[in-house]
Amino acid sequence: MVGAGIGGLCAAAGLQRAGVEVVVLERADEVRSGGSGLSVFSNGIRALDALGVGDAFRAVTTRTEGLRAGQRRPSGAWLSTLPADAVAELRVIDRADLHGLLSDAVTAGTVRTGRRVTSMYPNGLVESVGSGTAGARRAWDRFDLVIGADGLRSAVRTGWPEDPGVAYSGYATWRGITAAPVELRGEAGETWGVECRFGIAPLADGRVYWFGVRTAGIDEPGDPALLRELFGSWHRPIPELIDATDPAAMQYLPIEELSGDLPTFARGRAVLLGDAAHAMTPDLGQGGGMAMEDAATLVGLIAPFAGTECGDAPELLDEALRRYDELRRPRPQRVAARSRMIGRLAHAPGPLLCAARDLVVRATPAAALGRQAAWVHEWLLTR
Ligand SMILES: Cc1cc2nc3c(=O)[nH]c(=O)nc-3n(C[C@H](O)[C@H](O)[C@H](O)COP(=O)(O)OP(=O)(O)OC[C@H]3O[C@@H](n4cnc5c(N)ncnc54)[C@H](O)[C@@H]3O)c2cc1C
């Protein structure tokens, strides 16, 4: 496994639980997540259940049942409200807690930190170099299967001749978690202005995960002071959320995605999973959920090989990887396309197009929003 992010840790935990021997090479000096939250919908939770970590996830999250979610104007007037069942199963987690529970689910020593993978060959040979405090020692390891879970700028994916590379969405985001609980009065979701928007998601302990997004050049710096300028006059509790967050703990990043669809997620003895396979914009809150689905599917297909030498029946492993590609590729690529479309709508340029956008959002029946949400959230594990 290359990468100890959400996808890599999920797959490692599930594979170990099934009795498969796993090594995770992670370039960072420690397994870490960054200080923001993650929305996990019913599809992701189902995948976590299949991986054996659903109960640990539930123990540190709560259902957001009863929450009013949808889109608002900066004044606070609602443009649309999602049907209650579209968000009834949603749980929001502090990423640090998710990484913690996933790390606890793999046995000690599984993750080799400070090892950056530089090349991978179709026969399972992996070249890595010590990074950070581990020093620059080069190493080669041979694996029966290499799972590239190494994110947006995947080194494993560079072995794919069709690697489309990465594209900038045109918008960038600040993310933060308030230092203390903030009362939301049962309301969350996104508020859309002109070329900027703000999102609110409650954590189980009353703290709030939020994001502020603006149309921007990829190199424009994101001074947290700008947040007050952009969102300071927006409806409550937006200014309060900004003020309740330590600027030093905020993150600012340009939103990037894969610039095209990969024609296959499997190549020789390597497969791609999570952002490495289908990095998408976060407009549906589904990148992590898709990585969880990938991991659950792959584990279900690989588990039968536990305790066997893959060399004994290479055609069976080839068939499992072909099936993984067949099962996994269409869905995240469609979700990525939908997510991109929503991002473009949200960041329509100029006040006129934004006014037209708001009319469209207001005119969309709640039932149609519900159907769209159900299409994304209703997922069943298939083998
Ligand atoms: C602003 C924003 C908000 C989001 N909100 C949500 C949300 O609410 N819900 C949701 O489901 N998703 C959300 N996502 C998407 C989600 O964060 C990603 O889809 C998810 O983190 C992908 O997990 P991953 O394990 O595939 O990749 P990553 O989390 O990127 O992990 C990759 C790991 O690989 C390691 N690595 C990279 N290169 C190498 C190498 N060469 N050698 C060794 N290790 C390497 C990295 O250090 C890292 O640990 C959001 C994304 C963004 C940007």
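Residues numbered from 1 in each chain as written. Predicted model: local features only at pLDDT ≥ 70, side-chain atom pairs only at ≥ 80, totals over all residues. Heavy atoms only, no water.

Per an unreviewed UniProt entry, the chain goes by FAD-dependent monooxygenase and derives from Brachybacterium hainanense.

Draft legend 1. Local environment of the overall build of the chain. From N to C terminus, the chain includes 13 helices and 17 strands. The globule rule puts the C-alpha radius of gyration for 383 residues at 21 Å, and the 21 Å found for the chain is close to it. Over its C-alpha atoms, taken along the principal directions, the chain stretches across nearly 65 × 45 × 40 Å. Buried residues in the chain amount to 53% of all 383 residues. In the chain, the share of contacts with a sequence separation of at least 24, taken over all contacts with a separation of at least 6, comes to 74%. Working note: accessible area of the chain is about 16,300 Å², and carbon and sulfur atoms make up 53% of it. Where the 41 positive side-chain charges of the chain centre and where its 46 negative ones centre are 3 Å apart. (Helix = DSSP H or I, 4+ residues; strand = E, 2+ residues; numbered from the N terminus. Rg over C-alpha atoms; globule rule 2.2 N^0.38 Å. Buried < 20%, exposed > 50% of the residue type's maximum accessible area, 1.4 Å probe, protein only. Contact = heavy atoms within 4.5 Å. Areas by Shrake-Rupley, 256 points an atom, 1.4 Å probe, with all protein chains shown as cover. Lys, Arg positive; Asp, Glu negative; His and termini not counted. Charge placed at Lys NZ, Arg CZ, Asp CG, Glu CD.)

Draft legend 2. Layout of unusual backbone geometry. A cis geometry characterises the amide bond from Arg236 onward to Pro237, with omega recorded as 0°. Tracing the sequence through the fold places Pro237 in the loop between α6 (225-231) and α7 (238-243). Positive phi outside glycine occurs at Arg185, with the angle close to 55°. Relative to the elements of secondary structure, Arg185 occurs in the loop between β11 (166-177) and β12 (187-192). With phi around 60°, Glu195 is a residue other than glycine that occupies positive phi space. Note on placement: Glu195 falls in the loop between β12 and β13 (196-202). Among the residues examined, Glu195 registers a relative accessible area of 28% and is labelled partly exposed.

Draft legend 3. Here's a closer look at the pattern of salt bridges. Under the counting rule described, the total for this entry stands at 26 salt bridges. Taking the shortest distance from any N to any O, the salt bridge between Asp55 and Arg58 comes out at 3.5 Å. Of the two residues, Asp55 and Arg58 are both situated in helix α3 (residues 54-59); the distance of three residues between them amounts to about one turn of the helix. For Asp318, the salt bridge is made with Arg269, and the minimal N-O distance between the two is 3.1 Å. Remark: Arg269 occurs in the loop between β16 (266-267) and β17 (270-272) and Asp318 occurs in helix α10 (residues 314-328); sequence separation between them is 49 residues. Under the relative-accessibility criterion, Arg269 is labelled buried at 16%. (Salt bridge = Lys/Arg side-chain N within 4 Å of Asp/Glu carboxyl O.)

Draft legend 4. The arrangement of the environment of Ser36 in detail. Examined against the element boundaries, Ser36 turns out to sit in the loop between β1 (24-25) and β2 (37-40). Judged by its relative accessible area of 0%, Ser36 falls in the buried class. Taking the C-alpha atoms as reference points, Ser36 and Gly66, separated by 30 residues in sequence, lie 23 Å from one another. Filtering out sequence-adjacent residues up to four positions away, Ser36 remains in contact with Ile93, Asp94, Arg95, Arg175, Ile177, Tyr209 and Gln251. Separated by 3.3 Å, the side chains of Ser36 and Arg175 make a polar contact. (Polar contact = N/O pair within 3.5 Å; in protein donor to acceptor, adjacent residues only side chain to side chain.)

Draft legend 5. Molecular detail of the pairing of strand β9 (residues 138-142). Residue alternation in β9 divides its side chains into a buried set, Ala139 and Asp141, and an unburied set, Arg138, Trp140 and Arg142. Taken together, the five bridges between strand β8 (residues 125-130) and β9 define a ladder with antiparallel strand orientation. Residue pairing for β9: Val126 is matched across the bridge by Asp141. (Pairing = 2+ DSSP bridges.)

Draft legend 6. Spatial organisation of the sheet that holds β11. Strand order across the open sheet formed by seven strands is β4-β3-β12-β13-β14-β11-β15, with mixed pairing between neighbours. Of all the strands in the sheet, just β4 (78-81) and β15 (251-258) have a single pairing partner and so form its edges. Strand-to-strand, the axes of this sheet are offset by a mean angle of 25°, without reference to chain direction. In this sheet, strand β14 (residues 208-215) lies alongside β13 in antiparallel orientation, the contact comprising seven bridges. Considered in β14, the bridge of Ala201 is made with Tyr209. (Axes fitted to C-alpha atoms, helices over the stretch in contact; angles between N-to-C directions.)

Draft legend 7. Main features of the sheet that holds β8. Reading across from one edge, β7-β8-β9 is the order of the three strands in this open sheet, with antiparallel pairing throughout. Each having just a single partner strand, β7 (115-120) and β9 make up the two edges of the open sheet. Direction aside, neighbouring strands of the sheet carry axes that sit 30° apart on average.

Draft legend 8. Just helix α5 (residues 95-104), in detail. Residues Arg95, Leu98, His99, Leu101 and Leu102 constitute the buried set of α5. Down the axis of α5, the buried side of the element spans an arc of 165°, and every buried residue falls inside it. Those residues of α5 hidden inside the fold are in contact with α1 (6-17), β2, α3, β5 (91-94), β11 and α9 (287-302). Of the residues flanking the start of α5, the one acting as N-cap is Asp94, its side-chain oxygen 3.0 Å from the backbone nitrogen of Ala96. (Arc of directions from axis to C-beta.)

Draft legend 9. The arrangement of the nonpolar core in detail. Met1, Leu98 and Met292 are the most contacted members of the largest nonpolar core, which has 60 residues in total. Core analysis: the second largest hydrophobic core is formed by 17 residues, Leu67, Trp174, Leu184 and Trp234 among them. (Core = buried A, V, L, I, M, F, W, Y, C linked by side-chain atoms within 4.5 Å.)

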